[in-house]
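Letter by letter, the chains look like this.
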Amino acid sequence: MSYYKIENLEQYFKHYNKSVREPRKFWGKIAEENFTWYQQWDKVVDFNMADAEIKWFTEAKVNMAKNCIDRHLNKRGEKTAIIFEPNDPTEKALHISYNELHQRVCKMANVLREQGIEKGDRVCIYLPMIPELAVSMLACARIGAIHSVVFAGFSSSAVATRILDSDCKMVITSDGGYRGNKTIELKSIIDEALEKCPSVSSVLVVKRTNTEIDMKSGRDIWLQPLLDEASDNSVAEIMDSEDPLFILYTSGSTGKPKGMVHTTAGYMVYSAYTFKNVFNYEENDIFWCTADIGWITGHSYILYGPLLNGATTVIFEGVPSYPDFSRFWEIIEKHKVSQFYTAPTAIRALAKENLEYVQKHHLKTLKVIGSVGEPINEEAWHWYNDNVGTKKCPIVDTWWQTETGGIMISPLAFITPTKPTYATLPLPGIQPVLMNDKGVEIEKNQEVGSLCIKFPWPGIARTIWGNHQRYKDTYFSAYPGNYFTGDGALRDEVGYYRITGRVDDVVIVSGHNLGTAPIEDAINEHPAVAESAIIGFPHDVKGNALYGYVILKETGELRNKENLFKEINQHISDHVGPIAKLDKIQFVSGLPKTRSGKIMRRILRKIAEGDFSNFGDTSTLLNPEIIEEIIAGKN
Ligand code: WTA
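Residues numbered from 1 in each chain as written. Predicted model: local features only at pLDDT ≥ 70, side-chain atom pairs only at ≥ 80, totals over all residues. Heavy atoms only, no water.

So, empty space enclosed by the protein
Using the criterion set out here, one finds three cavities of 30 Å³ or more in the structure. When its volume is computed, the largest cavity comes out at roughly 110 Å³. Ranked by the residues each element gives to the lining of the largest cavity, the list is headed by strand E9 (residues 177–179), at three residues. Tallied by class, residues from the lining of the largest cavity come to eight nonpolar, two polar and three charged. (1 Å grid on protein atoms, 1.4 Å probe; cavity = no way out; pocket = protein on both sides within 12 Å on 5 of 7 lines; lining within 4 Å. Points joined across faces, edges and corners; volume = space filled by probe spheres on them. Helix = DSSP H or I, 4+ residues; strand = E, 2+ residues; numbered from the N terminus. Nonpolar A, V, L, I, M, F, W, Y, C, P; charged D, E, K, R; others polar.)

As structure tokens, this is what we get:
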């Protein structure tokens, strides 16, 4: 019996039970049957949660790039691996076959080797969403270099911090990048960053925008001429299962960003397995994840998960609003996308626009639609379901993290019955537990607790680059023996999980645990409201009271604010309960958000408390200017 693909709900429970009772047999069989290995493992898993030491497929030898590409060449050489859809819809899309991808990656691998990059070296990749980004990552994987992709929207100081932290030897960048009607000068950002980074000895530059740039002699080299000269024959490096594949930075609540280290074999098995099952991927499907490859979602579900399954994956360079708000829907129609995976923040933004943008496009090729990155509120869920999925496509609300490598709790498309705002059931191999403040497991339904995972899974990050102690302290010390996610969750009567938001977002009002998500849902359902964020602030009697930051729709702007406040509170009363009513409300035009769309609540909390000093690291904010405006409007 094969465990790679779950066919129905009954089988899900069977596989799930097997994965808990006999995790070694379960993952061992999946690993053996679906990947190419140079050498088999000793032990499927070897771990010690107390020391945060986790190893999967010990002593096995493998290469990620070979599994993503070479393995498919016989059967799928001419099949399209990557569809590249440029920012400008009048520029021609590219279809890159597995054969061509193989050629491109081998050439790039040879260029990297010629430039002195060896197994274990760190390479920083700072590129827009163009095929060279995928090719560079795969070339690193082929030669055993560790890629550290930095989202090409980060500032020079944010890039410098990341380059320094992992001591990168090389940077791969481009002259510029297109995003909507803007051109971003990536190379000059790198030039500024590198003033502080002596470890970088070479910079490879892709030509994309023909922007005039400075080329520092002895350091900067145009990539294309090197590729033209390079051979397309390249021997893949034989890697150990636990050799790092990549580093990806994620911001912590305090301190500098954490360089999460993912290793080769476990990440490979887990990203492939979750891709196949969550999205119900079948051979001729066209998969499109709208994330940037600079985030974990892009690593696992634009690049690795799809290619490991021999899929066709779409890389989109642009933004949902350019040339207009129909861009996403137009791409789905143009490339006959089968699975569409995006974030609630994008869904909400698009839902605010005229429905005609969606309706004028044929979305009938869609089979599955997904959501990731934050809790999806009920209103957005229904809009997505009604207008994009036309009530025919299951919504997979996928909960996971940079640290987990792949999807952890999610419906499996066509198998798990969905329920709005619930991420539903854990994937096989994932054993969630909810803990109360005293570290005791919560058995009761509907009670919010800290979400922990009690057994390792193959995709878990193994350490924080250069700081194993911080890894241990952050994830393994709060609830000994468990991985602590930092999220709160509750479980309903059938065992479905609802993620209620970061645990630091859970506000205790008069002794009641309140997740921010359900309250925000209630507020957002008011017809005048576009979006909201609530946070707790100290209150003499209640311990904490709620402060709401609310963005109004145009129609709301014209309304009497006093009355609106009352109506919004009535909505909360009706949907969540009177306990969750807001003490204060502030109408704002925007919320401080990270580039991946997450609201930075710690800033809102400080403003609510009247503390306008030291907002900590705001380098990941998309719209730092909003802070001043919110402070000015505070009542
Ligand atoms: C949040 C993104 C609710 C959560 C893959 C988590 C979610 C953090 C969901 C990780 C979801 C992600 N429902 N919350 N479906 N998906 N989150 O590292 O708080 O960028 O801890 O990884 O996003 O964000 P990260």
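Focus: the site of the ligand
As a structural note, the neighbourhood of the ligand is formed by 16 residues, with Asp397, Thr398, Thr402, Asp487 and Arg502 the closest of them. Contact distances for the ligand include 2.8 Å between a nitrogen atom and a backbone N or O atom of Thr398. Thr402 is positioned with one of its side-chain polar atoms (N or O) 2.6 Å from an oxygen atom of the ligand. For the ligand, the protein covers 92% of the area, taking 530 Å² as the surface of the free molecule. (Near = heavy atom within 4 Å. Polar contact = N/O pair within 3.5 Å; in protein donor to acceptor, adjacent residues only side chain to side chain. Areas by Shrake-Rupley, 256 points an atom, 1.4 Å probe, with all protein chains shown as cover.)

A closer look at the pairing of strand E7 (residues 146–149)
Across the two faces of E7 the burial is the same, with Ile146 and Ser148 and His147 and Val149 all buried. The sheet contact formed by strand E6 (residues 122–126) and E7 spans four bridges and is parallel. Across the sheet, the residue bridging to Val123 is His147, located in E7. Following the backbone out of E6, through helix H6 (residues 131–143) and into the adjacent parallel E7, one traces a crossover that is right-handed. Two strands pair when backbone bridges link them, and E7 and strand E14 (residues 244–250) are joined in this way by two bridges, in the parallel orientation. Counterpart to His147 in the pairing with E14 is Phe246. (Buried < 20%, exposed > 50% of the residue type's maximum accessible area, 1.4 Å probe, protein only. Pairing = 2+ DSSP bridges. Right-handed = clockwise from strand over helix to strand, strands pointing away.)

So, unusual backbone geometry
With an omega dihedral of -5°, the bond running from Tyr322 to Pro323 counts as a cis peptide bond. When you line up the elements, Pro323 lands in the loop between strand E17 (312–316) and helix H12 (327–335). With phi around 55°, Lys336 is a residue other than glycine that occupies positive phi space. Residue Lys336 is classed as exposed on the basis of its relative accessible area of 54%. The phi angle at Gln446 is positive, at roughly 70°, despite the residue not being glycine. You can see Gln446 is positioned in the loop between strand E21 (432–435) and strand E22 (449–453).

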